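These are the residues of each chain, in order.
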Amino acid sequence: PDFRMDADAEAARIAREEVQRGLADLNRMSVSFASKDKEGIQMKALGETSSLKDNQLTRDQRSGTVESGGSDDLRDASVVPVESSYALFFQVVFPFTIAGVGMVFAGIVLDYVQHWELFEEVPEVFILVPALLGLKGNLEMTLASRLSTLANLGELETPQQQRSVISANMALIQVQATVVAFLASAFAMLLAWIPNGEFDGSHAALLCASALATACTASFLLSLLMSAVVIASRAAGINPDNVATPIAASLGDLTTLGVLSLFGSLFLHAHQNEGWLNLCIIIFFIVLAPVWLRIAMRDEGATQVLRHGWSPVIFSMLISSGGGFILKRAVEQYPKIASFQPVINGVGGNLVAVQASRLSTAYHQMGRLGELPNGWTVRRFTSFTRAFFSKEWDSRSARVLLFLVVPGHMFFNWLIRLFHFSAVVPPSGALFTSFYLFAALSQVIVLLYVCQWLVSFTWASGIDPDNAAIPYLTALGDLLGTAFLFITFHAVDSIEPTLV
């Protein structure tokens, strides 16, 4: 019996040791699998073109609590894209060039149409130009940024998702275009009334009808194009943040300026014959707005923009109209400035929109709205050195975008001189080019610096940067570009008056 008891005890001891070894092996396997799984999640999240199933993060990961090696670099955040500077450059340079060519032709068109009866009879139209051209930043480029974020989060994968989101957002754009155009025409008349103290009701009706028809028509065409670009970019494995906003800029200025000149001229002739036509056009677009509003409210994201997204659009329109007031004065003194105004404004707005769109997408992937990841504060993004000279991901992007400014403007200015239609040759030469490039580079530096702070500030304030940042930045670009361009012409005029 004692032998049997000893044998049973020995067997039990061996069994316990086997169980302990098995548990230890299971623990080691689970730790190994967990580390591999964590690494796999991070690697998937780092891919910009990964779909929603690859970006399905836990609450702790999305709030930025995942360990990132203790680094403060944007590259180490759990889901930030880490594409190389070369990849960014080659994805941006082609749409940037196409956008610049579109802006060149917009400048040529503005130089040509400034002598039309519309602009000579109703000079207040010049005040409308930056505000309406700025719609591409207020509406279309914001739409492109919003759709790019949704695409990168995998929420535009199925045809049903695409139809629902795109139809609601296009209706949203129509509502915003109607409101902004109405306010822009009213503000243009106010700015025209302030210097002279005279109010012309017929001019006010003409401006309002032209603004409404231009904004709604151009915005419909461009928002349809933006939706197609985002879907096609996603299907081709290209980050839509890098291409959608430049393409919005490529046709935005040219389309809007062409539509404004055409409709404005038609309404001017109709006004001279039938004064009631402009009022009918205004009533038509105002009555149509509730229809678009009802369609837009079918989508939760569009509904949020309708409830909380008006301040950026309206204040940006006011800023752009300030640029229009400067443009009106500048064109009266330097008619040659018209060829360069859409280009300098468009290039600056184009580049900063790319940066803002990329930063917004990164924040959406990194954490919750209202909380900066990794314990960051907004004060961190007030550093000029961090914005342009650090090794962080957004700083590298800023340097790549700055690198495009000088060669881009030199090429675009050459195209302006090559394709100008009027007998007046646009200014050129070392003196003008040096002043112009300094103005353009200063504009983009200011915009990119403000961009890093503004995107972080809006995110930390619980405001989606996709809806707020780009309107402010492009409007600031319009104001700075027009002001810097006016200063450039004035400086060159004081040194060599024959050039300008």
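Definitions and limits used
Residues numbered from 1 in each chain as written. Predicted model: local features only at pLDDT ≥ 70, side-chain atom pairs only at ≥ 80, totals over all residues. Heavy atoms only, no water. Core = buried A, V, L, I, M, F, W, Y, C linked by side-chain atoms within 4.5 Å. Buried < 20%, exposed > 50% of the residue type's maximum accessible area, 1.4 Å probe, protein only. Helix = DSSP H or I, 4+ residues; strand = E, 2+ residues; numbered from the N terminus. Contact = heavy atoms within 4.5 Å. Expected span 1.5 Å × (residues − 1). Salt bridge = Lys/Arg side-chain N within 4 Å of Asp/Glu carboxyl O. Patch = residues over 30% accessible without salt bridge, like charges linked within 9 Å, V, L, I, M, F, W, Y side chains within 5 Å. Areas by Shrake-Rupley, 256 points an atom, 1.4 Å probe, with all protein chains shown as cover. Polar contact = N/O pair within 3.5 Å; in protein donor to acceptor, adjacent residues only side chain to side chain. Phe/Tyr/Trp six-rings, centres within 6.5 Å; stacked < 30°, edge-to-face > 60°. Lys NZ or Arg CZ within 6 Å of the ring centre and 35° of its normal.

Moving on, we get to the nonpolar core. Ranked by internal contacts, the top residues of the largest apolar core, which has 117 residues, are Val 343, Leu 351, Tyr 436, Leu 448 and Phe 489. Of all the elements, helix H8 (residues 201-235) adds the most residues to this core, at 13 residues. If we skip the residues at most four places from it in the chain, Tyr 436 touches Phe 340, Val 343, Ile 344, His 409, Asn 413, Leu 485 and Thr 488.

End to end, helix H10 (residues 277-296) covers 29 Å across 20 residues, agreeing with the expected 28 Å (1.5 Å per residue, within 8%). Residues Asn 278, Ile 281, Ile 282, Phe 285, Ala 289 and Ala 296 constitute the buried set of H10.

Before going further, it helps to examine the pattern of salt bridges. Applying the stated criterion to the full structure yields six salt bridges. The shortest N-O distance in the salt bridge between Arg 386 and Glu 392 comes to 2.6 Å. Side by side, Arg 386 and Glu 392 carry an identical accessibility label, which is buried. In this structure, the salt-bridge partner of Arg 386 is Asp 394, at a minimum N-O distance of 2.6 Å.

A cluster of nonpolar side chains, Leu 190, Trp 193, Ile 194 and Phe 199, forms an exposed patch at the surface whose accessible area comes to about 430 Å². Along the chain, Phe 199 turns up in the loop between helix H7 (159-196) and H8. Take Phe 199: its relative accessible area is 58%, and that puts it in the exposed class.

Now for the environment of Ser 265. Tracing the sequence through the fold places Ser 265 in helix H9 (residues 240-273). What makes Ser 265 buried here is its relative accessible area of 15%. Measuring from C-alpha to C-alpha, the distance between Ser 265 and Leu 206 comes to 9.7 Å, with 59 residues separating the pair along the chain. Among residues more than four places away in sequence, those in contact with Ser 265 are Trp 116, Leu 118 and Leu 260. Within the structure, Ser 265 has its side chain in polar contact with the backbone oxygen of Ser 261 (distance 2.8 Å).

Below, the discussion takes up the packing of aromatic side chains. Applying the stated criterion across every chain yields a total of 23 aromatic pairs. Considering the side-chain rings of Phe 105 and Phe 419, the 5.3 Å spacing of their centres and the 40° angle between planes classify their relative orientation as tilted. Remark: Phe 419 occurs in helix H16 (residues 405-419) and Phe 105 occurs in helix H3 (residues 85-113); sequence separation between them is 314 residues. Since its relative accessible area comes to 32%, Phe 419 is described here as partly exposed. Chaining the aromatic ring pairs together yields one cluster made of Tyr 334, Phe 340, Phe 432, Tyr 436, Phe 486 and Phe 489. For Arg 380, the ring lying beneath its charged end belongs to Trp 376, and the centroid distance is 4.3 Å. It is Arg 380 that lies over the ring of Phe 381; its NZ or CZ is 5.1 Å from the centre.

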